[in-house]
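The residues making up each chain are set out below.
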Amino acid sequence: MSAPVVRAAGYIRVSTAEQALRGLSLEAQEAEIRRWAAEHHVRLENIYVDKGITARKQLHRRAAFMQMMQAVDAGQIDLILVMRLDRWFRNVYDYHKMMNEHLIPHGVNWCAVKEDYDTTTTNGRLMINLRLSIAEQECDTDADRIRDVQQNMVAKGRWPFGAAPLGYRIEEKRLVKDPQTQPQVEFFFRHMLANGSLRGALFAMNDRFGTSYEYRRAQDLSRKSVYYGVYGENQSFCPAYITLEEHQRIRSLAEKNVRVWSSPTAWPHLFSGLLICDDCHRRLNAQTIRRPSGVYTTYRCSHSTDNHGCANNRSISEKVIEEYLLNYVREDLAQYIVQMEVSRKKAAALPDNTAKIRAKQERVKTLFINNFIDLEEYKRRIQELEGQIIRRPPSEKTKDVSKLKQLLEDGALKMYPTLTREEKRAFWRGFLKELHIYRGTIQGPPIFL
Ligand SMILES: [Zn+2]
C-alpha cells in the first residue's frame, strides 16, 4: 500500500529590492521549495509567485496569493510551502484570518522550508505569533520600502545618502566631482596604481595635501563603485575617477596588502607595544608598506595626526630601531650590566630598616595616645626616627640582570640574523621594556624589563 500523494503548492514573494539580495531572489526561493518538496516526496503542483510585491502590500492585492487561496478553497492543495514565514505574512491578524477562513476548513497545512515551526503544538503556534509580531515591527520601520525608494533614486542617477563620497559633492541630488578634493582623490589613485599600497597611497596623500584621512578612507576609495562611475544597477551613475579595470587592479593589490597586515604571523611587527612616544607617552603604531623593492615597517604616534597636540609627527623605520638596539646590545649592554651589578651589590649591602623604624614610631604613638608624652615630644621623636631610615635604592636601579647576561654569554646575538620575524619579535620582548621615540629619533637608552 503506497502512502497517499501530498499535493503541495509553493508560494514565493519577492520585492524589487529583495530580488537583488542573495538568498531572497525568486530563483533562490524556488530552488529551496523544490529541494524540500523532492526530499519529502510531496508533489509540487504549482508555484505561485508575487513579484515586486513588498510585505506591506495587503493580501487581496497580491494576485498570486489570492489565486492560491482559490486553489485551497477548491480542495486542490494539501500543503503550502514557503521559504520563510515572512514570505507570505508579516502580520498576526492576516495570518489567523487566512488560517481560519481557508487553511483550517480545508485541512491544509503549511511549512516554512528554511524555518522550523510546528503548527500542531501550542508552543509552535506561540512561536509563529511571536515571529509575526517581530516581522510586523520590522515591516513598519521598513527596510523593504527604504530599499525600494533608494533603488528608484539610483536608477534616476540620484545619490540616495546624505554625505557624498570623498572626491564628490552633491549637486541637484547628483554626484559631481568636487574641485576641492578632486586632486586628492586623483593623486591617491595614481599613487595606489603605481605602488600598489593602500596605506602608502594614504600616507602620501596626507603628506602631500596636509590632510589626516584615516585608513578607512583609503579602503572606501579602493572599494566603492562610484569611483568607476557605477552605483547599484546604474552603469553611468556619476563621473568616474578610474576605469573598472583599474578598480579591479586596485582590489587585487589591496587584498594582497591586507593579507600581509591582517595576519600578525605573516608579518609580525618587531617592536609594536615597546615604543613610547616621548611627547604624549602613548605607544607608537606600526604600519607596513609593501613596495616592489620589499616590505617596510615604520612606527609613528597616531596621536600626532589627529590634532590632539602631540608634536611627534614623524615616523621611524623599524630597520633604524633594530640597528640601534643590536648596536646597543653589542657595545653598551656589558657596561650596563656591570653598573647594575655594582648598584645591586651596594643596595644588597645596605640594611633596609624601614620596617623596624615604623614599629618604633608606632610605639611612640602609643605613648602619646596614653598621655605619657606631649605633642611636642611626640613630633620630635617621630621626626628623629624618620631620619634613621635607611632605604634600599628603588628597584629601577637594582634590576635582575641575569637575563641580559645570558644575552651576551650565549652568543644569542650571533643567532639573531637567522631568526624568523616571529622569533625576533619574541627575542626583543624577552628583555626590552620600552624605548622612547621622538620625531623619528631614538631617545635612548632602552629601558629593560
Ligand atoms: Zn605622541
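Residues numbered from 1 in each chain as written. Predicted model: local features only at pLDDT ≥ 70, side-chain atom pairs only at ≥ 80, totals over all residues. Heavy atoms only, no water.

Undergrad: Please explain the environment of Asn109 as it appears in this structure.
TA: Examined against the element boundaries, Asn109 turns out to sit in strand β4 (residues 109–112). Taking the relative accessible area as the measure of exposure, Asn109 reaches 44% and is therefore partly exposed. Considering only alpha carbons, one finds Asn109 and Asp78, 31 residues apart in sequence, at a separation of 6.4 Å. Leaving out residues up to four positions away in the same chain, Asn109 has contacts with Asp78, Leu79, Ile80, Leu103 and Thr119. (Helix = DSSP H or I, 4+ residues; strand = E, 2+ residues; numbered from the N terminus. Buried < 20%, exposed > 50% of the residue type's maximum accessible area, 1.4 Å probe, protein only. Contact = heavy atoms within 4.5 Å.)

Undergrad: Looking at this structure, how should I read the confidence of the model for the protein?
TA: Low-pLDDT stretches of the model should not have their predicted coordinates read in fine detail. When the pLDDT values of the protein are averaged, the result is 83; 90% of them are 70 or greater. Strand β6 (residues 174–177) holds the highest mean pLDDT among the elements of the protein, 95, whereas helix α11 (residues 244–262) holds the lowest, 71. Per-residue pLDDT stays below 50 along residues 258–265; that stretch engages in 13 contacts with residues further than four places along the chain or on separate chains. (pLDDT = per-residue confidence, 0-100.)

Undergrad: Teacher, can you tell me more about the coordination of the zinc ion here?
TA: Tetrahedral coordination by four donors places them ideally at 109.5 degrees to one another around the metal; octahedral coordination by six donors ideally gives 90 or 180 degrees. Summarising the metal site, the zinc ion is bound by the protein donors Cys277 (SG), Cys280 (SG), Cys301 (SG) and Cys310 (SG), whose distances to it range over 2.2 to 2.3 Å. Because the angles between the four donor atoms bound to the zinc ion fall within 100 to 116 degrees, the donor set is best described as tetrahedral. Between the donor residues of the zinc ion, the gaps in sequence give the motif C-x2-C-x20-C-x8-C. With Cys280 in the loop between β7 (275–277) and β8 (285–291) and Cys301 in the loop between β9 (294–300) and β10 (316–317), the pair connects residues that are 21 residues apart, well separated along the chain. (Donors = N, O, S within 2.8 Å, 3.2 Å for Na, K, Ca; no water. Tetrahedral: all angles 85-135°; square planar, octahedral: opposite > 155°, others 65-115°.)

Undergrad: Would you mind showing me how to read the packing of helix α3 (residues 63–73) against helix α5 (residues 92–103) here?
TA: When two helices pack together, you describe them by how their axes are tilted relative to each other and by the distance separating the axes. Where α3 meets α5, the axes come as close as 10 Å, and the angle between the chain directions of the two elements is 35 degrees. For the pair α3 and α5, the contacting residues are Phe65, Met69, Val72 and Asp73 in the first and Met98, His102 and Leu103 in the second. Here the contact of α3 with α5 is composed, by residue class, of five nonpolar, one polar and one charged. (Axes fitted to C-alpha atoms, helices over the stretch in contact; angles between N-to-C directions. Nonpolar A, V, L, I, M, F, W, Y, C, P; charged D, E, K, R; others polar.)

Undergrad: Please explain the nonpolar core as it appears in this structure.
TA: Soluble globular proteins tend to bury their nonpolar side chains together. Ranked by size, the top nonpolar core spans 33 residues in total, and within it Phe271, Ile321, Leu333, Phe427 and Trp428 carry the most contacts. Where this core is concerned, the elements lending two or more residues are β7, α12 (318–331), α13 (333–349), α16 (402–409), α17 (412–415), α18 (421–429) and β11 (432–438). In terms of residue count, α12 provides more of this core than any other element does, five residues in total. If we ignore the near neighbours within four places in the chain, the residues touching Phe427 are Leu407, Ala412, Leu413, Tyr416 and Leu419. Core analysis: the next-biggest nonpolar cluster, separate from the first, contains 29 residues, Tyr168, Leu202, Ala204 and Tyr241 among them. (Core = buried A, V, L, I, M, F, W, Y, C linked by side-chain atoms within 4.5 Å.)

Undergrad: Explain the pattern of salt bridges to me, please; I cannot follow it from the model alone.
TA: Side chains that differ in charge, positive against negative, can pair when their charged atoms come close. For the structure on display, the rule yields 19 salt bridges. Note that Glu32 is salt-bridged to Arg35, the shortest N-O span being 2.9 Å. Separated by three residues within a single helix, Glu32 and Arg35 lie in helix α2 (residues 26–39), roughly one turn from each other. Under the relative-accessibility criterion, Glu32 is labelled buried at 18%. For Arg35, a relative accessible area of 39% translates into the label partly exposed. (Salt bridge = Lys/Arg side-chain N within 4 Å of Asp/Glu carboxyl O.)

Undergrad: Even after reading the chapter, I still don't get the sheet that holds β4, so can you show me in this structure?
TA: Hydrogen bonds between backbone atoms are what pair the strands of a sheet, whose relative direction is either parallel or antiparallel. Overall, parallel pairing links the four strands, which are arranged β2-β1-β3-β4 in an open sheet. Either end of the sheet is taken by a strand with one partner, and the two such strands are β2 (43–51) and β4. Put simply, the sheet's adjacent strands are angled 20 degrees from each other on average, direction ignored. Relative to β4, strand β3 (residues 79–82) runs parallel, the two sharing four bridges. What sits directly across from Ile80, in β4, is Trp110. Of the strands in this sheet, β1 (7–14), β2 and β3 are in contact with α3, which crosses β2 at around 150 degrees. (Pairing = 2+ DSSP bridges.)

Undergrad: Sorry if this is basic, but what is going on with the sheet that holds β10 here?
TA: Spatial ordering of the open sheet is given by β8-β9-β10, a layout of three strands whose pairing is antiparallel. In this open sheet, the two strands that pair with only one neighbour each are β8 and β10. Two elements, β8 and β9, share seven bridges in a ladder whose sense is antiparallel. From the neighbouring strand, Asn285 faces β9, where its bridge partner is Arg300.

Undergrad: Whenever I open this one, the side chain of Gln29 confuses me. Can you help?
TA: Its location among the elements puts Gln29 in helix α2. Of the residues examined, Gln29 reaches a relative accessible area of 0% and is grouped as buried. Within the local environment of Gln29, its side chain forms a polar contact with the backbone oxygen of Arg13, the two atoms lying 2.9 Å apart. Sequence-distant contacts of Gln29, that is, excluding residues within four places in its chain, are made with Ile12, Arg13, Val14, Leu24, Met83 and Arg87. (Polar contact = N/O pair within 3.5 Å; in protein donor to acceptor, adjacent residues only side chain to side chain.)

Undergrad: For this particular structure, what's the right way to read the pairing of β9?
TA: Along a regular strand, successive side chains alternate from one face of the sheet to the other. Where β8 folds back on β9, the antiparallel hairpin that results is connected by two residues. With two bridges connecting them, β9 and β10 associate as antiparallel partners. If you follow Thr298 over to β10, its bridge partner there is Ser317.

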